Amino acid sequence: MNIGEKAVASACLLLLAAALTGCISKRVVEQPTCSAFEPRLVEPGPVPLREEINVLALSAGGPWGGFGMGFVTGWSEVQEPAERRRPRFDIAVGISTGAIFVTHAFLGTEYDAVIREQLFSMSTQHVFRRRSIAAILVGDSVADTRPLRRMLEKVITPELLDRVADAWLTEGRRLAAIAVDMDCGNPELLDLTALALQRERPDRVARYIDYLMASSASPIAFPPVFVDGRMLVDGALRQHIPLPRQIVELLGEHADPAARVNLYVIVNSPLMTVPECVRDHVLLIALRTSDLWTGERSIDSVALAVLDAERRGWRARYVVASGVPCEPTPPADDYFNAAFMQCQYEHGYRAAVASESPWHEGLDGLPSAEDIDAAFPHPCAKP
């Protein structure tokens, strides 16, 4: 096909896409609102107030999520010094990739084997399948994520949700995920504990999985998830990690204002944009623009979380998936490359059990341009 034929073909596709948009019916949401999603816990906790509260925040990160999975399981093995031991989490919140394994991380070390099995059985084909061009033109995403739902259906069971519910009833512990309401543009806190408590609800497990799928539904790439008619997408569209102002909602009005809050953030990304020699084409420039935006948003989210936590008198610690040559970075058609994710898992595990503490405090742990220059040669330079 010569250049002229390609131009004609492209024009035809654009005309077809324009024509198809006229066939798309407008969505209607009953009782439209931008308020919080139900169910939501509002009553006081069933246990006495604690003097110390431990919070786990799991970030977005795509295939770098293997780092967080490995770190959590390695953290369970650390015994000395005492301050580096993995605590029981009173609150856990996940975004995107972090939401996929936040339930098992929240419930405790006995679920480490499930997390590891989940990671080592994961690959691109277990997360999504690319749609045909025709399906993309009439659909809402490039990929079909039914494989991810089937994978979650194996590990998110009624018995698991009973454990989540019991964690609240016996210990006052809470669990949530974050997604973005596409219509309102707001990051929404999805109360997984409140949903788990509805034991008689026939769609309890399905809706719980909907929440996890919504939190990780990267727009355009993955289809949005509709909850009560409202369109939900990846929480990372607005923020890379859960923020203190959202965690405060889970602490509730009845929390002891004098309690010591320890915020542990696992950042499932290197907090830097890996250099790449960008080819001069509109689609490749668009993809690279998305990479740069994602990298900057992740750094901003960590900085905002640390500063907000310090303002509230909390102790904030974070660990970052950086400093390991898990290469190459997975391409778009094999984004959840099994070898890459397993490399990240091993990196996270080693970071957790290392003799030197992996935790950063303050903003000194954020990468700089000098760090990137030291780690990577210029990608367009001649060998």
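Residues numbered from 1 in each chain as written. Predicted model: local features only at pLDDT ≥ 70, side-chain atom pairs only at ≥ 80, totals over all residues. Heavy atoms only, no water.

A.B. asks: So what exactly am I meant to see when it comes to helix H9 (residues 204–215) here?
C.D. replies: Because each turn of an α-helix spans 3.6 residues, side chains separated by three or four positions in sequence point in the same direction. With 12 residues, H9 should cover 16 Å at 1.5 Å per step; its first-to-last C-alpha distance of 17 Å lies within 8% of that length. Taking burial as the measure, the 12 residues of H9 include 10 buried ones, the bulk of the element. Buried within H9 are the following residues: Arg204, Arg207, Tyr208, Ile209, Asp210, Tyr211, Leu212, Met213, Ala214 and Ser215. (Helix = DSSP H or I, 4+ residues; strand = E, 2+ residues; numbered from the N terminus. Expected span 1.5 Å × (residues − 1). Buried < 20%, exposed > 50% of the residue type's maximum accessible area, 1.4 Å probe, protein only.)

A.B. asks: Teacher, can you tell me more about the nonpolar core here?
C.D. replies: Note on soluble globular proteins: their nonpolar side chains tend to be buried together. If you look at the biggest cluster of nonpolar residues, it comprises 61 residues, and the most contacted ones within it are Phe71, Trp75, Ile156, Tyr208 and Ile266. With seven residues, helix H3 (residues 97–107) is the largest single contributor of residues to this core. One finds Val302, Ala305, Ala309 and Tyr318 within the second-largest nonpolar core, a separate group that totals 32 residues. (Core = buried A, V, L, I, M, F, W, Y, C linked by side-chain atoms within 4.5 Å.)

A.B. asks: What is the right way to look at helix H2 (residues 65–75) in this model?
C.D. replies: With 11 of its 11 residues buried, H2 lies for the most part within the structure. If you check which residues of H2 are buried, you get Gly65, Gly66, Phe67, Gly68, Met69, Gly70, Phe71, Val72, Thr73, Gly74 and Trp75. In the core, the buried residues of H2 are packed alongside strand E1 (52–58), H3, helix H4 (112–120), strand E9 (260–267), strand E10 (315–320) and helix H12 (338–353). (Contact = heavy atoms within 4.5 Å.)

A.B. asks: Honestly, the packing of H2 against H3 in this entry has me stumped. Any pointers?
C.D. replies: When two helices pack together, you describe them by how their axes are tilted relative to each other and by the distance separating the axes. Running from amino to carboxyl end, H2 crosses H3 at an angle of 15°, the nearest separation of the two axes being 9 Å. Classified by the angle between their axes, H2 and H3 sit roughly parallel to one another. In this structure, H2 crosses over H3, and the sense of that crossing is right-handed. Along the contact surface, H2 presents Gly65, Gly68, Met69 and Val72, while H3 presents Thr97, Phe101 and Ala105. Along the lines of polarity and charge, the residues of the contact of H2 with H3 split into four nonpolar, three polar and no charged. (Axes fitted to C-alpha atoms, helices over the stretch in contact; angles between N-to-C directions. Parallel < 35°, antiparallel > 145°, perpendicular 65-115°, else oblique. Left-handed = near helix turned anticlockwise from the far one by under 90°. Nonpolar A, V, L, I, M, F, W, Y, C, P; charged D, E, K, R; others polar.)

A.B. asks: Would you mind showing me how to read the state of the cysteines here?
C.D. replies: Here is the idea: a disulfide is a covalent bond, and it sits between the sulfur atoms of two cysteines. A complete count under the given rule lists three disulfides for this structure. Residue Cys277 pairs covalently with Cys380 via a disulfide, S to S 2.1 Å. Classification of the bridge connecting Cys277 and Cys380 rests on its S-S torsion, roughly 115°, and on that basis the disulfide is right-handed. Of this pair, Cys277 sits in the loop between E9 and helix H11 (282–311) while Cys380 is found in the segment after helix H13 (369–375), placing the two residues 103 residues apart along the sequence. In this structure Cys380 comes out as partly exposed when scored by relative accessible area, which is 41%. Here Cys326 connects covalently by a disulfide to Cys343, the sulfurs 2.0 Å from one another. Judged by the sign of its S-S torsion, about -85°, the bond between Cys326 and Cys343 is left-handed. In this pair, Cys326 sits in the loop between E10 and H12 while Cys343 sits in helix H12, placing the two residues 17 residues apart along the sequence. (Disulfide = S-S within 2.5 Å.)

A.B. asks: Which parts of the structure should I look at to understand a nonpolar patch on the surface?
C.D. replies: Nonpolar side chains collect at one region of the surface, where Val278, Leu284, Ile285 and Leu287 lie side by side and expose about 300 Å² of accessible area between them. Here Ile285 shows up in helix H11. Residue class for Ile285 comes out partly exposed when judged on its relative accessible area of 39%. (Patch = residues over 30% accessible without salt bridge, like charges linked within 9 Å, V, L, I, M, F, W, Y side chains within 5 Å. Areas by Shrake-Rupley, 256 points an atom, 1.4 Å probe, with all protein chains shown as cover. Salt bridge = Lys/Arg side-chain N within 4 Å of Asp/Glu carboxyl O.)

A.B. asks: Sorry if this is basic, but what is going on with the side chain of Arg84 here?
C.D. replies: With respect to the secondary-structure elements, Arg84 resides in the loop between H2 and strand E2 (91–95). Ignoring anything within four residues of it in the chain, the contact list for Arg84 reads Trp75, Val78, Ala351, Ala352, Val353, Ala354, Ser355, Glu356, Ser357 and Pro358.

A.B. asks: Explain the pairing of strand E5 (residues 174–181) to me, please; I cannot follow it from the model alone.
C.D. replies: Along any regular strand, the residues point their side chains to alternate faces of the sheet. With eight of eight residues buried, E5 is to be regarded as a mostly interior element. The pairing of E5 with strand E6 (residues 186–191) spans six bridges and is classified as antiparallel. Residue pairing across strands places Ala179 opposite Glu188, the latter belonging to E6. Hairpin remark: E5 followed by E6, antiparallel, with four residues in the connecting loop; positive phi at Gly185, about 85°. Bridge count between E5 and strand E8 (residues 230–234): three bridges; the pairing is antiparallel. Along E8, the bridge assignment pairs Ala179 with Asp234. (Pairing = 2+ DSSP bridges.)

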